[in-house]
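In case you want the letters, here they are:
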Amino acid sequence: MVYTIGGIKGGSGKTTVATNLTILLASKGRDVLLVDADDQETATDFNNWRQETLGDTGYTFVQLYEKAVATEVNKMTSKYDDIVIDTGGRDTKSQRAAIGVSDIYLVPFVSRSFDIWTLEKVEELINEMSVVNTELKSYAFINKADHQGTDNQDVAGLLGESETIQYVEAQLGNRKAFSHAATSGLSVLEYKPKDPKAIDELNTLFKAITGRVEARV
Ligand SMILES: Nc1ncnc2c1ncn2[C@@H]1O[C@H](COP(=O)(O)OP(=O)(O)O)[C@@H](O)[C@H]1O
Ligand SMILES: [Mg+2]
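This write-up is about the structure you can find in this document. (Residues numbered from 1 in each chain as written. Chains lettered and ligands numbered in written order. Predicted model: local features only at pLDDT ≥ 70, side-chain atom pairs only at ≥ 80, totals over all residues. Heavy atoms only, no water.)

**Brief notes about the site of ligand 1**
The criterion, for reference: Being near a molecule or strand, for a residue, comes down to having at least one heavy atom within 4 Å of it. N or O atoms within 3.5 Å of each other form a polar contact, as long as, within protein, one can give a hydrogen and the other can take it, and as long as residues adjacent in sequence are counted only when both atoms are side-chain atoms. Helix numbers and strand numbers start at the N terminus; a helix is a DSSP run of H or I with at least 4 residues, a strand a run of E with at least 2. The classification used treats Ala, Val, Leu, Ile, Met, Phe, Trp, Tyr, Cys and Pro as nonpolar, Asp, Glu, Lys and Arg as charged, and all other residues, Gly among them, as polar.
Close contacts around ligand 1 come from 14 residues, with G11, K14, T15, T16 and G173 the closest. T15 places a side-chain nitrogen or oxygen 2.9 Å from an oxygen atom of ligand 1. Mapped by element, the contributors of at least two residues to the shell around ligand 1 are helix 1 (14-27) and helix 7 (176-183). When residues in the shell around ligand 1 are grouped by element, the largest group, three residues, is from helix 1. Each residue belonging to the shell around ligand 1 can be placed in one class, and the counts come to one nonpolar, 10 polar and three charged.

Right under this line is the structure:
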């Protein structure tokens with residue numbers, strides 16, 4: 001399965017989700033390739049730090065940009081069980097190339113922010129790319145969800161109305177475990193002290209997106 005984590009907003013949690021998803025898949029014994037397609041190289045920094053601290057990261061890593069995202073990923077789909085592509089928060093050639101070769105396009109939206117204003121542009125991007133990739137499944141979810149307040153519901157309502165992107169109710173809370181784990185080169189699955197809620201949220205999100213699609217053959 002090829003996953004692209006994208007959107008057109010920085011700081012929404014794309015790299016956090018991409019790295020956690022990669023390690024979650026690897027922890028299930030799958031052979032995973034993590035692709036950094038963002039020229040800001042946050043996934044690269046994460047990967048380097050993980051390699052320095054752990055030695056074996058548990059997955060394979062590569063940086064790819066623009067057209068190479070499509071050509072190289074296409075070459076490697078049969079070599080890996082899963083490929084996870086982390087993209088930058090802009091509508092770039094790299095992100096389009098990634099969407100073009102993906103089974104799943106996953107877009108985090110932060111509830112208390114301007115992220116929701118980008119929904120229309122994300123929908124446009126998906127609609128344009130759906131001509132190229134007719135099999136693409138696109139999912140939106142709320143990241144950094146607040147513990148209380150109506151913001152989550154407001155954003156959920158707007159995402160739920162979209163006919164282009166499927167809203168998944170699984171949310172990731174605004175939890176220190178996500179940011180602390182990332183700066184340690186770890187997923188929340190590995191980070192100590194364990195945050196069972198963060199782990200549960202990650203697993204639930206993963207099930208929500210994978211439970212709905214058949215693997216590409
Ligand atoms: N669910 C979360 N809870 C707490 N902090 C988060 C969460 N998701 C992301 N962050 C933090 O928000 C910042 C931006 O996340 P990042 O994954 O780098 O976003 P992006 O790749 O979309 O720019 C980072 O400092 C990250 O640790
Ligand atoms: Mg990023």
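**Digging into the pattern of salt bridges**
As a reminder, the rule being used: Salt bridges are identified by distance alone: a Lys or Arg side-chain nitrogen within 4 Å of an Asp or Glu carboxyl oxygen. Partly exposed describes any residue whose relative accessible area lies between the buried limit of under 20% and the exposed limit of over 50%, with all areas from a 1.4 Å probe on protein chains only and scaled to the type maximum.
By the definition in use, this model includes seven salt bridges. Notably, a salt bridge pairs R50 with E190, separated by 2.7 Å at the nearest N-O pair. Of this pair, R50 sits in helix 2 (residues 42-54) while E190 sits in the loop between helix 7 and helix 8 (196-210), and the two are 140 residues apart along the sequence. Its relative accessible area of 3% is what places R50 among the buried residues. One salt-bridge network, held together by shared partners, links D91, R96 and E128.

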